[in-house]
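Chain by chain, the residues run as shown.
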Amino acid sequence: SIAFFSSRISSTEMIIGNMMRSSKQIRCIHKSTRMAIILNNIACIHFSLGKLDASIATFDECLNLMKRNIGAVNSLKVPRMMFNTSIVLSNTAIAFAKQYDSNQAVTIMEEALLIQQSILPDTHRVIISTSRHLYGNKDEDSDPSKSSKFGIVKKNKMKSYPNTKH
């Protein structure tokens, strides 16, 4: 009976140890998520101050952090992380558009739109907004494949700003 009791303790200790490691991993992911939000906000501040190179570099740092963490979250949080990633990609595209790098802006905005379309309904306001940035005003041409694909740069003096909300 002593052997049984001691094996129960060791398996209990293993369970508690696994729970503690899991808890530390969750806290680490939570901190990384908060850090990504902070980096996105700092990049938006750089953008609003006209420091586009610093803005793009900070958005890239944010995206790298988000991509490292996406595989470590539970499946229920993956759509939220993908959504947040699409927002940062959209923000990055807007910064490239402001720098008149339309090819890079379109490529990044298309990636953001693909992510959004994979997790949101087509009528979601974020998809509509991203499509307008990418293809221009939907009222002009309802078929994006027929538009110039440079709605993002039609207004080189863009009045929109990156999104700080996640």
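Heads up: the structure comes first, above all this text.
Predicted model only: the values in this text are computed from it and were never measured. (Residues numbered from 1 in each chain as written. Predicted model: local features only at pLDDT ≥ 70, side-chain atom pairs only at ≥ 80, totals over all residues. Heavy atoms only, no water.)

### Some words on the nonpolar core
Counting residues in hydrophobic clusters, the biggest one holds 33 residues, and the most contacted among them are Phe 59, Cys 62, Val 88, Leu 89 and Leu 134. Taken together, the elements giving at least two residues each to this core come down to helix 1 (2–48), helix 2 (52–70), helix 3 (78–98), helix 4 (102–119) and helix 5 (125–135). Take this core: its biggest share by element is nine residues, from helix 3. (Core = buried A, V, L, I, M, F, W, Y, C linked by side-chain atoms within 4.5 Å. Buried < 20%, exposed > 50% of the residue type's maximum accessible area, 1.4 Å probe, protein only. Helix = DSSP H or I, 4+ residues; strand = E, 2+ residues; numbered from the N terminus.)

### What about the packing of helix 3 against helix 4?
Helix-helix packing is characterised by the crossing angle of the two axes and by the distance between the axes. Between helix 3 and helix 4, whose axes approach to 8 Å, the crossing angle comes to 160 degrees. Of the possible angle classes, the one that applies to helix 3 and helix 4 is roughly antiparallel. The two elements helix 3 and helix 4 cross, and the hand of that crossing is left-handed. Of the residues assigned to the contact of helix 3 with helix 4, the class counts are 15 nonpolar, seven polar and one charged. (Axes fitted to C-alpha atoms, helices over the stretch in contact; angles between N-to-C directions. Parallel < 35°, antiparallel > 145°, perpendicular 65-115°, else oblique. Left-handed = near helix turned anticlockwise from the far one by under 90°. Nonpolar A, V, L, I, M, F, W, Y, C, P; charged D, E, K, R; others polar.)

### Describing a nonpolar patch on the surface
Residues Met 35, Ile 38 and Ile 42 make up a contiguous nonpolar surface patch of about 250 Å² in total accessible area. Assignment of secondary structure puts Ile 38 in helix 1. A relative accessible area of 44% means that Ile 38 is categorised as partly exposed. (Patch = residues over 30% accessible without salt bridge, like charges linked within 9 Å, V, L, I, M, F, W, Y side chains within 5 Å. Areas by Shrake-Rupley, 256 points an atom, 1.4 Å probe, with all protein chains shown as cover. Salt bridge = Lys/Arg side-chain N within 4 Å of Asp/Glu carboxyl O.)

### Overview of the environment of Thr 33
Structurally, Thr 33 can be placed in helix 1. Along the sequence, Thr 33 and Asn 69 sit 36 residues apart, while their C-alpha atoms lie 8.1 Å from each other.

### Focus: the packing of helix 2 against helix 3
Packing of helix 2 against helix 3 brings their axes to within 10 Å, and their N-to-C directions diverge by 160 degrees. Classified by the interaxial angle, the pair formed by helix 2 and helix 3 is roughly antiparallel. The chirality of how helix 2 crosses helix 3 is left-handed. Across the interface between the two elements, Leu 52, Ser 55, Ile 56, Phe 59, Asp 60, Cys 62, Leu 63, Met 66, Asn 69 and Ile 70 of helix 2 pack against Val 78, Met 81, Met 82, Asn 84, Thr 85, Val 88, Leu 89, Asn 91, Thr 92, Ala 95, Phe 96 and Lys 98 of helix 3. Residues that form the contact of helix 2 with helix 3 fall into these classes: 14 nonpolar, six polar and two charged. (Contact = heavy atoms within 4.5 Å.)

### Thoughts on helix 2
The end-to-end C-alpha separation of helix 2 is 26 Å, in line with the 27 Å expected for 19 residues at 1.5 Å each. Of the positions making up helix 2, those classed as buried are Leu 52, Ser 55, Ile 56, Thr 58, Phe 59, Cys 62, Leu 63, Leu 65, Met 66 and Asn 69. (Expected span 1.5 Å × (residues − 1).)

Shape is all these values report; function is a separate question.
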